[in-house]
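# Architecture and fold: a report
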Amino acid sequence: MRFLLVTGVFFIFFVSCTFSQDESKFAELRKEMVNKQIIANGIRNPQTIKAMLKVPRHLFVPKEYIHRAYEDTPLPIGYNQTISQPFIVAYMTELARPSKNKKVLEIGTGSGYQAAVLAEIVDTVYTIEIIPELAREAEDRLKRLGYKNIIVKTGDGYNGWKEHAPYDIIMVTAATDHIPQPLLDQLAENGRLIMPVGPQWSAQRLVLAVKKNGKIERTQLAMVRFVPLLRSQ
Ligand code: SAH
């Protein structure tokens, strides 16, 4: 009996040591990712950097990609979808100018990673995902990680989420050839919308739309490559 107890305690100790070793290894990789991919490429916003240092990206990718989670690349998350490249997540976050009291709408929850990065900074993130399995997985993952300020909904985000509008920030992480009008309508005064605009399955341009005195001012930014914005029937 005593032997079993000692073995049991030792086993738990061993497992938790291995786990924390893994976690500290991932934290090290995350730091390197932030230094080499984020800061070295011009991201300066301290809150964005802090969030990128904190969110455990390796827990947002499928198990078979866990050791590639901090590489400078998008990765598959199933259902023909991808988690964006870390730099793009940081770049879009910085462009959004997130701060404590802001309300965000994200279209394209995917893994939930971009939502988590934003949720580290803002008040609430509403996020819509069209593929039910991904929405469910992201919701479970975000709950497990303790994010209480992210609300996930399954559906077509083209029409936004009127109930909680207006939004200070709208971020679309899938591409289409125009900015959906319902999203512009749901943007608050001085609100910022960021999304890739352009042809499907080819290079698109990241567009920033800011609402000033009810009018939309657009700025064309970097070339990017996102999966297409799907539409429900
Ligand atoms: N932001 C995600 C990556 C997005 S990939 C992350 O951090 O992991 C784009 C996602 O948009 C995919 O999961 C795709 O299923 C979803 N999507 C595509 N069209 C959509 C639509 N009309 N409404 C909501 N989600 C959509």
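The structure under discussion appears in the preceding block.
All of the points below concern the structure found in this document.

Quick look at the layout of surface pockets now. Taken as a whole, the largest pocket spans an internal volume of roughly 280 Å³. Within the residue set of the lining of the largest pocket, elements represented by two or more residues are α1 (2–39) and α5 (132–144). With 5 residues, the top contributor of residues to the lining of the largest pocket is α1. Of the residues that constitute the lining of the largest pocket, the class distribution is 7 nonpolar, 2 polar and 6 charged. In this structure, the second largest pocket encloses a volume near 190 Å³. Lining the second largest pocket are Pro74, Thr82, Ser84, Gln85, Ile88, Met223, Val224, Arg225, Phe226 and Val227.

As for its position among the elements, glutamine 186 is in the loop between α6 (181–185) and β7 (187–197). Look at glutamine 186 and you get buried, because its relative accessible area is 6%. Here the side chain of glutamine 186 touches tryptophan 161 through a polar contact of 2.8 Å, landing on its backbone nitrogen.

Moving on, we come to the pairing of strand β1 (residues 75–78). The pairing of β1 with strand β2 (residues 81–83) spans 3 bridges and is antiparallel. The residue bridging glycine 78 from the neighbouring strand is glutamine 81, located in β2. Hairpin connection from β1 to β2: 2 residues lie between these consecutive antiparallel strands, with tyrosine 79 at a positive phi of about 55 degrees.

The next point concerns empty space enclosed by the protein. Using the criterion set out here, one finds 1 cavity of 30 Å³ or more in the structure. Here the largest cavity is characterised by a volume of approximately 350 Å³. Along the walls of the largest cavity sit 30 residues, with Gly108, Thr109, Gly110, Glu129 and Thr173 positioned nearest its centre. Looking at the lining of the largest cavity, the elements that each hand over two or more residues are β2, β3 (103–107), α4 (113–119) and β4 (124–129). Take the lining of the largest cavity: its biggest share by element is 3 residues, from β2. The residue inventory of the lining of the largest cavity, partitioned by class, reads 15 nonpolar, 12 polar and 3 charged.

Here we come to the site of the ligand. By nearness alone, 25 residues border the ligand, and Ser111, Glu129, Asp156, Gly157 and Leu230 come closest of all. A distance of 2.6 Å separates an oxygen atom of the ligand from a polar atom in the side chain of glutamate 129. Between the ligand and isoleucine 130, the relevant distance is 3.2 Å, taken from a nitrogen atom to a main-chain nitrogen or oxygen of the residue. Against a free-state accessible area of 580 Å², the protein chains account for coverage of 99% of the ligand. Taken atom by atom, the bulk of the ligand overlaps the largest cavity. Secondary-structure elements contributing two or more residues to the shell around the ligand are β2, β3, α4 and β4. Per-element tally for the shell around the ligand: the top contributor is β2, with 3 residues.

To continue, consider the pattern of salt bridges. Taken as a whole and judged by the stated rule, the model has 5 salt bridges. The salt bridge involving lysine 36 is made with glutamate 32; its shortest N-O contact spans 3.3 Å. Remark: glutamate 32 and lysine 36 occur in helix α1; sequence separation between them is 4 residues, near one turn of the helix. When its relative accessible area of 40% is taken as the criterion, glutamate 32 is described as partly exposed. Among the salt bridges present, the one from aspartate 156 reaches arginine 231, with a minimum N-O distance of 2.8 Å. Taken together, the positions of aspartate 156 in the loop between β5 (150–154) and β6 (167–172) and arginine 231 in the segment after β9 (215–224) put the pair 75 residues apart, joining distant regions of the chain. Owing to a relative accessible area of 15%, aspartate 156 belongs among the buried residues under this scheme.

Conventions used here
Residues numbered from 1 in each chain as written. Predicted model: local features only at pLDDT ≥ 70, side-chain atom pairs only at ≥ 80, totals over all residues. Heavy atoms only, no water. 1 Å grid on protein atoms, 1.4 Å probe; cavity = no way out; pocket = protein on both sides within 12 Å on 5 of 7 lines; lining within 4 Å. Points joined across faces, edges and corners; volume = space filled by probe spheres on them. Helix = DSSP H or I, 4+ residues; strand = E, 2+ residues; numbered from the N terminus. Nonpolar A, V, L, I, M, F, W, Y, C, P; charged D, E, K, R; others polar. Buried < 20%, exposed > 50% of the residue type's maximum accessible area, 1.4 Å probe, protein only. Polar contact = N/O pair within 3.5 Å; in protein donor to acceptor, adjacent residues only side chain to side chain. Pairing = 2+ DSSP bridges. Near = heavy atom within 4 Å. Areas by Shrake-Rupley, 256 points an atom, 1.4 Å probe, with all protein chains shown as cover. Sits in = over half its atoms within 2 Å of the grid points. Salt bridge = Lys/Arg side-chain N within 4 Å of Asp/Glu carboxyl O.

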